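One-letter residues, chain by chain:
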Amino acid sequence: MEHAPKAIDVTNDVEMRTFNFFTMGIDGHPLGLHLDMAIPTILNNADEEQQKDWLPKAANREFIATYAQTEMGHGTNLKKLETTATYDPKTQEFVLNSPTITSTKWWPGNLGKSSNYAVVMAQLYTQGKCHGAHPFFVQLRDLNTHKPLKGITVGDIGPKFGMNTVDNGFLQFDHVRTPRRSMFMKHAKVLPDGRYVPPVHDKLNYSAMVFIRAAIVSGMAYHLLVTSTIAVRYSAIRRQGEITPGAGEVKVLDYQTQQHRIFPQLARGLAFRLSGQYIMKLYTQTMDDIRNGDISAVPDLHALSCGLKAVTTHHAALGLEQCRMACGGHGYSQASGFPLHYSVAVGACTYEGENMVMLLQTARHLMKIAKAIRAGQSPKSNKIVDYLFHKGPPKCLIDQAYDTNYRNVLESFEHLARRQTLEVYDKLVQLQQQGRNYEQAWNDCAVELCKATRAHVRTFLARTFVEEIDKISDLSIKSVLQDLLQLYLYYEVTECATGLLEDGFMTGQQHKYAKKKIYEALEKIRPNAVSIVDSFDFQDRELHSVLGRRDGNVYENLLKWAQSSPLNKTDVLPFHHKYLGKMMEEARQRSKI
Ligand SMILES: CC/C=C\C/C=C\C/C=C\C/C=C\C/C=C\CCCC(=O)SCCNC(=O)CCNC(=O)[C@H](O)C(C)(C)COP(=O)(O)OP(=O)(O)OC[C@H]1O[C@@H](n2cnc3c(N)ncnc32)[C@H](O)[C@@H]1OP(=O)(O)O
Ligand SMILES: Cc1cc2nc3c(=O)[nH]c(=O)nc-3n(C[C@H](O)[C@H](O)[C@H](O)COP(=O)(O)OP(=O)(O)OC[C@H]3O[C@@H](n4cnc5c(N)ncnc54)[C@H](O)[C@@H]3O)c2cc1C
């Protein structure tokens, strides 16, 4: 073949992206960052006067703002952000500048084409001193012409792995002046003469990130429940193969392997939903406390939100892929909805704090607790971490005849989290006694530190799931949810079995018992599976899936969907005769010679 077929017309592609752009779909929309990060920043970081000015206009959508923190060269390490905001006391303005190519703001959602304002994180300089990254509220584009203002270069960063209806953008400042009062001044301040007034806690400027991390937990629940719905419904109509010879093809949902692939994702989706509610309540309460001058819950909120964000996004990514793979070839089609849901969900493993970094943030918190435990201190009545101070049963009791409210299973998770946390703490101490500095010792323990966080988060997720199901009074619903709870708990036991078997806490026999409880739960869930997912009442529009249609008419609609593909507008595509037809003709001619 002389030339590859001409690439899809770029204009067409851009038009398609622009069209999708305004469908306000799951894959993002022009107001995503405005609503999810800019407004929370105004709520939590603007002082009263600034709120009076900016909040009504933001809520009224008189402008669109994004959250511009990440740069081409730095996303995780905020200390090394290069964008500068230098205070000029003569004019009482900050001068924003992007001194290097790597200081270009890169990734902020809706920055490329939609936003005309941004919360900009920049290193604050005043009176010759740098005070670290602080947020500024900066206008980027003219409110009437939407043209970039003087000194501002802005655009879209180009196609991505997913969420291509979101205009993630780049932004450069060339000595752009902005009024002193464009600095968010609720916590830190710069006075007219340039004096810096520090905040009561130097991380209060990070509250918008904490909000999204908390929101992501429920977001991951949503993704898991949506994709489990698609997989369950499709598996309930797809017939393939026989279990009993001659008895006719079965629904693939009757295969135990299919249930083992899909139902744990359903269970995890519920678990994440319940913990997502908890963490969002904790966030709201902590923000209220801060408004009343009480910052005591800030470390707990940060630690829990980081850990939950990292664990739920990772499990959601794995779970969505399991649901896709469980749906065979049609699961690989765009018609399934899986590519869309997956490519949106997995972004959360990276944005709002890359998962390894988040696990290690929670580990910092756990190491402080381990230090207190080793120093013989008593717990500070903090229900999230108190269990770490207590000595649990020396041996696993999960196979005891009667386990009230899964106490024995929860104590197994607590045992593993406690052991992992204390062992890695002891290792940290030992490495430093052997001469390593703290940072090097920390890095040499980082994998085990992440395991401690995962064990701690698993304990939290499981305990929250047990406690919330226990509160349900409607017995018919409760019994169905208890089947999912049973599956969740024993599935998690087998997922962390290495850690439970490693020190002899759990026996091989008990591991077999856990597997038996899983298979028992799968059997109990199977007859209710379709009703469970139907009860979520997702609209076909939001599932974006021919396989997951509520009416189950997959095959007719799969053909309709395929026929509507642009490729099928004509029987013979224009390029055929120009390339393939010509190639074959030439080949036939040659074969005649
Ligand atoms: C229907 C929809 C369904 C599904 C959709 C899916 C999900 C839905 C939900 C929402 C998503 C929707 C829209 C959003 C889309 C995209 C948004 C993405 C936006 C972004 O990505 S914004 C940029 C995010 N960037 C980051 O997260 C940066 C990560 N890095 C950091 O946070 C920091 O650098 C750090 C924490 C790693 C280190 O900070 P530092 O350098 O300042 O730390 P130090 O080492 O100096 O100090 C550590 C010290 O500080 C404490 N600390 C750190 N951070 C905080 C905090 N935020 N709060 C409180 N305390 C904090 C830390 O505990 C340490 O304390 P210690 O006592 O010293 O141990
Ligand atoms: C879809 C999407 C939307 C986004 N939206 C926004 C937005 O609206 N606004 C915004 O400001 N940003 C946004 N971001 C940027 C996002 O916040 C960053 O990508 C993220 O914080 C990670 O930073 P980075 O990409 O620079 O990776 P880096 O920080 O360079 O990290 C790269 C890798 O190095 C490793 N690593 C880095 N640091 C450590 C460490 N301390 N310990 C161990 N390992 C480490 C990790 O494996 C990490 O994956 C978005 C990103 C994506 C993908």
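Residues numbered from 1 in each chain as written. Chains lettered and ligands numbered in written order. Predicted model: local features only at pLDDT ≥ 70, side-chain atom pairs only at ≥ 80, totals over all residues. Heavy atoms only, no water.

In the annotation of an unreviewed UniProt entry, the chain is listed under the name Acyl-coenzyme A oxidase and assigned to Acrobeloides nanus. In UniProt, the chain has this text filed under Cofactor (unreviewed entry): "FAD". Taken from UniProt, the Subcellular location (unreviewed entry) comment for the chain reads in full: "Peroxisome". (UniProt positions renumbered as here; feature names shortened; annotations may be inferred.)

Right, let's talk about empty space enclosed by the protein for a bit. Vacant regions in the atomic arrangement are exposed by a probe of water-molecule size rolled over the atoms. Overall, the coordinates contain 1 cavity of 30 Å³ or more when judged by the stated rule. Here the largest cavity is characterised by a volume of approximately 60 Å³. D300, A303, L304, T362, H365, N382, I384, V385 and H456 together form the lining of the largest cavity. Taken together, the elements giving at least two residues each to the lining of the largest cavity come down to α6 (298–325) and α8 (355–374). Classifying every residue of the lining of the largest cavity gives 4 nonpolar, 4 polar and 1 charged. (1 Å grid on protein atoms, 1.4 Å probe; cavity = no way out; pocket = protein on both sides within 12 Å on 5 of 7 lines; lining within 4 Å. Points joined across faces, edges and corners; volume = space filled by probe spheres on them. Helix = DSSP H or I, 4+ residues; strand = E, 2+ residues; numbered from the N terminus. Nonpolar A, V, L, I, M, F, W, Y, C, P; charged D, E, K, R; others polar.)

What follows concerns the UniProt feature "binding site: FAD" (unreviewed entry) in the chain. Taking the UniProt record as the reference, the feature "binding site: FAD" (unreviewed entry) is found at T70 and G109. A maximum C-alpha distance of 10.6 Å among these annotated residues, which run over 40 residues, shows that they cluster at one spot. Mapped onto the fold, T70 is located in the loop between β1 (65–68) and β2 (84–88). Excluding its chain neighbours within four sequence positions, the residues that come into contact with T70 are G75, T104, K105, W106 and P108. Sequence-distant contacts of G109, that is, excluding residues within four places in its chain, are made with L33, T66, V166, D167 and N168. (Contact = heavy atoms within 4.5 Å.)

Contact geometry for α6 and helix α11 (residues 446–470): axes closest at 10 Å, N-to-C directions at 90 degrees. Considering the angle they form, α6 stands roughly perpendicular to α11. Contacts between α6 and α11 pair L304, G307, L308 and V311 from the former with T453, R454, V457, F460 and L461 from the latter. Its residues placed into classes, the contact of α6 with α11 shows 6 nonpolar, 2 polar and 1 charged. (Axes fitted to C-alpha atoms, helices over the stretch in contact; angles between N-to-C directions. Parallel < 35°, antiparallel > 145°, perpendicular 65-115°, else oblique.)

Before going further, it helps to spend a moment on the environment of H456. Take H456: it is sitting in helix α11. Note: C-alpha distance between H456 and A68 (388 residues apart in sequence) is 32 Å. With near-sequence residues (within four places) excluded, H456 lies in contact with T362, L366, I384, V385, Y387 and A417.

Attention now goes to the site of ligand 1. Not every one of the 30 residues close to ligand 1 is listed here, only the nearest: T76, K79, K203, R213 and R364. Y206 places a polar side-chain atom, nitrogen or oxygen, 3.0 Å from an oxygen atom of ligand 1. The side chain of K368 places a nitrogen or oxygen atom 2.9 Å from an oxygen atom of ligand 1. Relative to its free-state accessible area of 1,400 Å², ligand 1 is covered by the protein chains to the extent of 78%. Every element with two or more residues in the shell around ligand 1 is listed here: α2 (32–45), α4 (207–237), α6 and α8. The element that contributes the greatest number of residues to the shell around ligand 1 is α4, accounting for 9 residues. Looking at the shell around ligand 1, its residues break down into 14 nonpolar, 9 polar and 7 charged. (Near = heavy atom within 4 Å. Polar contact = N/O pair within 3.5 Å; in protein donor to acceptor, adjacent residues only side chain to side chain. Areas by Shrake-Rupley, 256 points an atom, 1.4 Å probe, with all protein chains shown as cover.)

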